[in-house]
Every structure is written in structure tokens, then in C-alpha cells.
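# Architecture at a glance
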Amino acid sequence: MIQRSIFAALVVFAFSATRAATVVDSRESVVLEGEQASVVVDLGGGSIVRFQLKESPLNPLVWNNQGPPDEARPMSHFLCLDRWGAPSKAEQANGMPSHGEVTRVRWNLLREPASSGGSIEAEMAAALPLAGLSIKRRIRLAAKQALLTVTEEVTNTNKLGRLYNMVQHPTIGPPFLDAATVVDANAGQGFMQSSPLPNPEEPSVRWPQALRNGQPVDLRHLTDSPDPNVVSFVIDDEYGWVTAVNASHGLLLGYLWKKSDYPWLNIWRHVKDGKPFARGLEFGTTGLHQPFAALLEKGRIFGRPLYNYLDAGQSAERSYVAFLLAVPGGYQGVADVRYESGTITVREKASGRELSIPAGDLFAN
């Protein structure tokens with residue numbers, strides 16, 4: 001995360017000219033097309049609603065995609081900002097929705113998709129009037145790989161400092177998500193969100209294990225029970241990663257980010273009609289799904305902060321990477337994801353087979 005004061009740029013988004021958007025499924029969108037993959041970003045809330053290989057019709061990011069064409073709403077991979085979870089009752093009465101208002105406002109396209117240095121790039125932005133924040137996003141799809149890099153800068157446009165949180169909410173759904181889909185991560189110690197305050201970290205667990213009525217649950221899998229519904233874990237390594245793979249469909253979706261940007265991984269699971277319906281692979285700045293008053297009272301869990309602060313006019317920049325890989329039938333899941341010397345390497349469990357993606361300098365600022 002990079003922080004700096006930019007008082008002179010507080011109103012840049014409000015006066016930026018809106019570029020022409022592409023209509024996808026009756027909604028204004030931004031479309032990036034590379035040789036290996038394509039990406040669609042919905043401007044009615046800023047969600048990444050499609051990320052798929054060009055050779056496959058399968059889009060793993062499917063959640064809440066159907067709805068009124070003019071409604072701004074969270075879908076697929078959406079952003080939670082200025083909070084993760086519910087507002088206080090007073091904030092809700094003043095119009096603040098769950099997970100913040102960033103998915104309830106229209107985003108403006110600042111720069112149309114264009115080729116630049118081996119990538120297709122675009123820029124977009126949004127203003128959050130209730131939160132007093134603005135956000136600018138640069139999105140880059142590699143021209144020759146299924147590799148997506150997203151950099152987002154949040155600015156406090158208030159005259160006073162304020163608390164905030166920022167959580168990425170990638171959500172996978174059917175048909176990519178079924179009982180055979182396997183989720184892996186390099187998460188460490190964790191706790192169930194269903195555990196009561198003031199000490200929800202008791203009892204603690206370690207990835208991929210959670211507890212249901214005192215009995216172990218393997219979070220790598222989801223079949224007919226979503227309990228525990230949300231489990232949060234800290235990231236211990238320099239880079240955090242999470243992957244989801246469906247070997248029968250031959251597809252792996254992965255995310256990679258710096259722990260210094262997003263020190264928490266939150267796993268949400270949802271079942272409908274006895275079958276897996278949604279899995280949130282959520283990485284962010286907090287691991288406690290509560291209003292700010294509870295975050296302030298608790299302060300830290302496992303030594304990790306539960307909130308961030310931006311002074312008046314201050315900005316914070318964070319980045320993450322998403323990637324897709326075609327995998328062979330019978331793929332056993334992921335043992336490790338490494339980012340070294342400009343390459344992302346994914347190692348399979350049991351076999352140790354490796355797949356790699358040329359990535360360059362992903363987190364250069």
C-alpha cells in the first residue's frame with residue numbers, strides 16, 4: 001500500500017469527462033480483449049463480471065449477474081469500500097448499505113481500453129458521497145496471457161480524517177462452482193465469524209480447517225452445508241494467494257496480492273437447494289465483519305489491524321492480480337503459488353507438476 005497527500009487532486013474524478021462505454025447484457029461496461037482472455041467490468045457498481053479464457057465459454061465469476069439493466073449493484077468480483085459488512089443502525093438509516101456504497105454508484109470510464117506496453121489498459125473512477133471517498137482504478141489485461149492486474153487508489157475527500165476498510169470480493173458460482181471445485185490458499189491462523197464478540201478468535205483454527213459444532217470442516221470443499229458461513233484468516237507470507245479449480249471443466253482461477261496491501265483472507269460459502277451456489281474468495285484490510293465501533297473496540301486479532309485510516313486529502317494505493325490457467329483432468333488442487341523473477345508458478349498438490357505464467361513486474365509503482 002502506498003499513501004500520500006494529494007489535496008490538489010481531490011476533485012479530479014468529478015470533473016473527468018466520461019468516455020463511451022460498451023453495452024454488454026444491456027448494461028454499460030468496459031471490455032478488454034487479449035489473445036488468451038477477455039474481461040468485462042460493469043460500470044453500474046464497478047464489478048468485474050467476466051474473466052474467461054477466449055477458448056472457453058466458462059466464466060468462473062458468476063454471482064447476482066441477473067437483474068434490472070439500470071441498477072447499480074454488487075456482482076461477481078465486486079469491491080467492498082468503505083467497509084466490509086453492515087453499517088451501524090444510524091448509518092443504515094442515513095442510507096449506507098452493507099459493504100459500502102461503492103457498488104451502488106455509477107463508475108465513469110476515464111480512459112478507454114487501449115494497447116500499452118504488452119497490455120490492454122483502461123481507467124475508471126467513482127465518487128462515494130456518503131463515505132467522502134473517491135476511487136480511481138487502472139486495469140491491465142496482458143495481451144498474450146490470461147493475466148489481469150488491477151491497481152486502485154482511494155482518496156479521502158473529507159476535510160477530516162476517517163477510518164475505512166477495503167476488501168476485494170471475488171465470487172465464484174455455477175457451473176464453475178460445484179461439489180468438485182477445490183479452493184486452496186496460503187492462509188494461516190483463522191476464526192469463525194459466527195463466534196461471539198468480544199473474542200471471536202476463540203477458538204482459533206488454521207487453514208483449511210474450520211469448526212462446526214466442535215467438529216473439523218475442510219474449507220477446500222463445499223457440498224451441501226455452508227456452515228461455517230464465513231471464516232477469516234491472516235496471511236503470513238509476503239504474497240497472499242487463493243485459487244479455485246474445477247478439474248472437470250479444466251479451469252483454474254487464481255488471485256495474488258501483497259500481504260502489506262491485504263493482510264486478511266475471508267472465505268464465504270453459500271448453498272442453495274442443497275448445492276453449492278456461491279463462494280467468496282475475499283481478501284482485504286480487515287477480517288472482522290462488524291461495524292466500525294466493534295472494530296475500534298477490538299483493535300486487532302492475531303496481531304493484525306482490523307481497520308485503516310486516511311487523513312484529510314490522503315490517498316492509499318493497492319494492487320492485486322487475477323489469472324486463469326487451463327488444467328488437465330484429475331487436477332488435485334494447488335500446493336503453492338510463487339511469484340519470482342517475473343513469473344507466477346503454480347504447483348499442483350501430490351504430483352508437484354508446475355504451470356507458469358510470464359508476469360513481469362506486477363507490483364511496480
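Along the chain, the regular secondary structure elements total 2 helices and 29 strands. By principal-axis analysis of the C-alpha atoms, the chain measures approximately 55 × 50 × 40 Å. Relative to its full complement of 365 residues, the chain shows a buried share of 55%. Sequence-distant contacts, at least 24 apart, represent 62% of the contacts inside the chain between residues at least 6 apart. With an accessible surface of roughly 14700 Å², the chain has 49% of that area assigned to carbon and sulfur atoms.

In this section: the sheet that holds strand β29 (residues 354-358). Strand order in the open sheet made by the 3 strands is β27-β28-β29, with antiparallel pairing throughout. Edge positions in the sheet fall to β27 (334-340) and β29, since each has one partner strand and no second. Shown here is a sheet whose adjacent strand axes are inclined to one another by a mean of 15°, direction ignored. Sheet topology places strand β28 (residues 343-348) next to β29; 5 bridges connect them, and they run antiparallel. Paired with threonine 345 across the strands is serine 356, a residue of β29.

Let us now look at the environment of lysine 89. Within the element layout of this structure, lysine 89 appears in helix α1 (residues 89-93). Separated by 202 residues in sequence, lysine 89 and proline 291 place their C-alpha atoms 9.3 Å apart.

All right, on to the confidence of the model for the chain then. Chain-level pLDDT for the chain is 94 on average; 95% of the residues reach the 70-or-more range. Within the model, pLDDT remains below 50 along residues 5-17, and this stretch shows 21 contacts once partners closer than five positions in the same chain are excluded.

Within strand β4 (residues 37-42), 6 of the 6 residues are buried, which leaves the element mostly enclosed by the surrounding structure. Burial along β4 is two-sided: the face carrying Ala37, Val39 and Val41 and the face carrying Ser38, Val40 and Asp42 are both buried. Two elements, strand β3 (residues 27-33) and β4, share 5 bridges in a ladder whose sense is antiparallel. Each residue of the ladder has a partner; that of valine 31, found in β4, is valine 40. Between β3 and β4, which pair antiparallel and follow one another directly, the connecting turn spans 3 residues.

Taking burial as the measure, the 10 residues of strand β9 (residues 133-142) include 8 buried ones, the bulk of the element. Two strands pair when backbone bridges link them, and strand β8 (residues 119-128) and β9 are joined in this way by 10 bridges, in the antiparallel orientation. The residue of β9 that forms the bridge with alanine 126 is isoleucine 135. Turn length for the β8-β9 hairpin, with the two strands adjacent in sequence and antiparallel, is 4 residues, and the turn residue glycine 132 shows positive phi of about 70°.

In the structure shown here, the tally under the stated rule is 13 aromatic pairs. With 6.2 Å between their ring centres and 90° between their planes, phenylalanine 191 and tryptophan 264 make a pair best called edge-to-face. You can see phenylalanine 191 sitting in strand β14 (residues 187-192) and its partner tryptophan 264 sitting in strand β21 (residues 264-272), a full 73 residues away along the chain. For the pair formed by phenylalanine 191 and tryptophan 264, the shared burial category is buried.

What follows is about the nonpolar core. In terms of nonpolar packing, the biggest core is built from 65 residues, with Phe51, Leu81, Ile135 and Ile139 touching the most fellow members. The leading source of residues in this core is β8, at 5 residues. Not counting residues within four places of it along the chain, the set of residues in contact with isoleucine 139 comprises Leu32, Val39, Val41, Ile48, Ile120, Glu121, Ala122, Met124, Leu148, Thr149 and Val150. By size, the runner-up hydrophobic cluster in this structure holds 23 residues, among which are Val182, Leu256, Val327 and Ile357.

What counts as what
Residues numbered from 1 in each chain as written. Predicted model: local features only at pLDDT ≥ 70, side-chain atom pairs only at ≥ 80, totals over all residues. Heavy atoms only, no water. Helix = DSSP H or I, 4+ residues; strand = E, 2+ residues; numbered from the N terminus. Buried < 20%, exposed > 50% of the residue type's maximum accessible area, 1.4 Å probe, protein only. Contact = heavy atoms within 4.5 Å. Areas by Shrake-Rupley, 256 points an atom, 1.4 Å probe, with all protein chains shown as cover. Pairing = 2+ DSSP bridges. Axes fitted to C-alpha atoms, helices over the stretch in contact; angles between N-to-C directions. pLDDT = per-residue confidence, 0-100. Phe/Tyr/Trp six-rings, centres within 6.5 Å; stacked < 30°, edge-to-face > 60°. Core = buried A, V, L, I, M, F, W, Y, C linked by side-chain atoms within 4.5 Å.

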